[in-house]
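Inside the fold
This is what each chain is made of:
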Amino acid sequence: MAQAMTTKEVTQKIIRREKMFILDVRNEDAFQDWKIEGEQFSYLNVPYFDLLDGVEDILDQLPTDQDVLVVCAKEGSSIFVADLLEEAGRTVSYLAGGMKAWSEHLEPISLGSLNETGADRGEVVQFVRIGKGCLSYMIISEGEAVLVDATRMTDVYLDYAKERQLEITHVFDTHLHADHISGGREIAEKTGATYWLPPKDATDVTFDYAALEDGSHVQVGDTQIDVRALYSPGHTIGSTSFVVDNRYLLTGDILFIDSIGRPDLAGLAEDWVGDLRDSLYNTYRELSKDLVVLPAHFMLIEELNEDGSVAEKLDVLLANNHGLNIEDEETFRKMVTENLPPQPNAYQEIRETNMGKQTPDLEAQREMEVGPNRCAVR
């Protein structure tokens, strides 16, 4: 019988740049739209229904010198195929929980101390949702924690805080998300934390929130780690960045490592493209170039650093990110309005869920989020 491989084990292989062969038994359109990505991964896509009568025809296409992982949408089909391969004499694994579990895995990665001396003054932890390209953050100091852009997998953050004996005191969303369901409000309700949202993104929400505006700041712990809000519209009209301890710049969906944010998910690309350019070419350029950029998403697996984190200094991005180096404003406008990727699945329903207008059950939420990150223009 084939053995299960967990999403965490697969994530570690990606981070360590290990080789692995993936036999994906979903339909071709699902595979082409979204798959498990690794720099050293190889793939074979054969739909499950083509293997019901046996796996003999694909045996010579599977390597014998590296791990083989069978993947499907929810797990059942991959177990069936993996067991057939085991019966044929091959050693393989299947992905526990399938792509549904892959979409939901969060990997916490500490970015280190909040000051240059390395003293125990606080830290930032990045939660990498590697299957969706989502990034969220926990800022920690003196037993307190602040969350930024938390996903709907709220138990991961709550369990992490409990394990480290942290009190979550503030929860922020940098903007009203359209690609994934926020867990921020639920975490705030469960912990008694203050939930912050930019008011320009909150005109249609059905719940109370604290207004996150330019210049707002909170203190984390007794050491006064400063988290300062910086209005940076363009992805949405309310998009807000954070400067943390004069060391990190949390950019939300405005600036990524190898791309920039798209301005069209509320149907206002032509209206917001000017705001996007102003945030990228003026607001950010006035900041210290030594700030480490921490985005809310990544687009390519190659953006992961050696430790699995996604982070880069602002001066490096100013020099190398194509979206930050288009001098002609009209060329920039065309690039971000005519070069847009497909919109995220169910993005209108996701926006309404984050407004509090819809309350889909867990299975519906999972279906709404299926697919890759599509918040970037590159």
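Whatever comes next refers back to the structure up there.
The notes below deal with the structure included here. Bear in mind the structure is a predicted one, so any value in this text is a computation, not a measurement.

A look at the sheet that holds strand β19 (residues 312–313)
Strand order in this open sheet of six strands is β13-β14-β15-β16-β18-β19, and the pairing throughout is mixed. Here the strands that pair on one side only, and so sit at the sheet edges, are β13 (217–220) and β19. Sheet analysis places strand β15 (residues 240–244) next to strand β16 (residues 248–252), joined by three bridges and oriented antiparallel. In the sheet register, V244 faces β16, and the bridge partner there is Y248.

A short note on the nonpolar core
For soluble globular proteins, nonpolar side chains are generally found buried alongside one another. Core analysis: the largest hydrophobic core is formed by 69 residues, its most contacted members being V10, I36, I139, L255 and L280. Residues contacting V10, with those up to four places away along its chain left out, are M5, M20, I36, F41, L69, L95 and W102. Grouped together as the second largest cluster of nonpolar side chains are 26 residues, V125, M138, M153 and Y157 included.

Brief notes about the packing of aromatic side chains
Evaluated as defined, the whole model comprises nine aromatic pairs. Ring centres of Y48 and F49 lie 5.3 Å apart, and the angle between their planes is 65°; this geometry places the pair in the edge-to-face category. A ring pair is formed by F127 and Y160, whose centres lie 5.3 Å apart and whose planes are at 80°; its orientation type is edge-to-face. Here F127, found in strand β7 (residues 123–129), pairs with Y160, found in helix α5 (residues 154–163); they are 33 residues apart in sequence, far enough to count as distant. Look at F127 and you get buried, because its relative accessible area is 1%. An aromatic cluster is built from Y48, F49 and F80, whose rings are joined through pairwise contacts. Looking at R277, its charged tip hangs above the ring of Y281, at a distance of 4.1 Å from the centre. A cation over an aromatic ring shows up here: R277 above the ring of F332, its NZ or CZ 5.2 Å from the ring centre.

Quick look at the side chain of T236
Looking at where T236 falls in the secondary structure, it is placed in the loop between β14 (225–231) and β15. Here D201 takes part through its side chain, which lies 2.7 Å from a polar atom of the side chain of T236. For T236, the contacting residues outside a window of four places in its chain are H175, L176, D201 and W272.

A word on the pattern of salt bridges
As enumerated under the stated definition, the model contains 14 salt bridges in all. Linking E104 and R366 is a salt bridge whose minimum nitrogen-to-oxygen distance equals 2.8 Å. Note that E104 is positioned in helix α4 (residues 98–104) and R366 in helix α11 (residues 362–369), a separation of 262 residues in sequence. On the accessibility criterion, E104 (15% relative accessible area) is buried. The shortest N-O distance in the salt bridge between R164 and E123 comes to 2.4 Å. In this pair, R164 sits in the loop between α5 and β10 (167–172) while E123 sits in strand β7, placing the two residues 41 residues apart along the sequence. For R164, a relative accessible area of 33% corresponds to the partly exposed category. Under the relative-accessibility criterion, E123 is labelled buried at 15%.

Cut-off values and rules
- Residues numbered from 1 in each chain as written.
- Predicted model: local features only at pLDDT ≥ 70, side-chain atom pairs only at ≥ 80, totals over all residues.
- Heavy atoms only, no water.
- Pairing = 2+ DSSP bridges.
- Helix = DSSP H or I, 4+ residues; strand = E, 2+ residues; numbered from the N terminus.
- Core = buried A, V, L, I, M, F, W, Y, C linked by side-chain atoms within 4.5 Å.
- Buried < 20%, exposed > 50% of the residue type's maximum accessible area, 1.4 Å probe, protein only.
- Contact = heavy atoms within 4.5 Å.
- Phe/Tyr/Trp six-rings, centres within 6.5 Å; stacked < 30°, edge-to-face > 60°.
- Lys NZ or Arg CZ within 6 Å of the ring centre and 35° of its normal.
- Polar contact = N/O pair within 3.5 Å; in protein donor to acceptor, adjacent residues only side chain to side chain.
- Salt bridge = Lys/Arg side-chain N within 4 Å of Asp/Glu carboxyl O.

Everything listed here is a matter of coordinates, which is why it stays silent on function.
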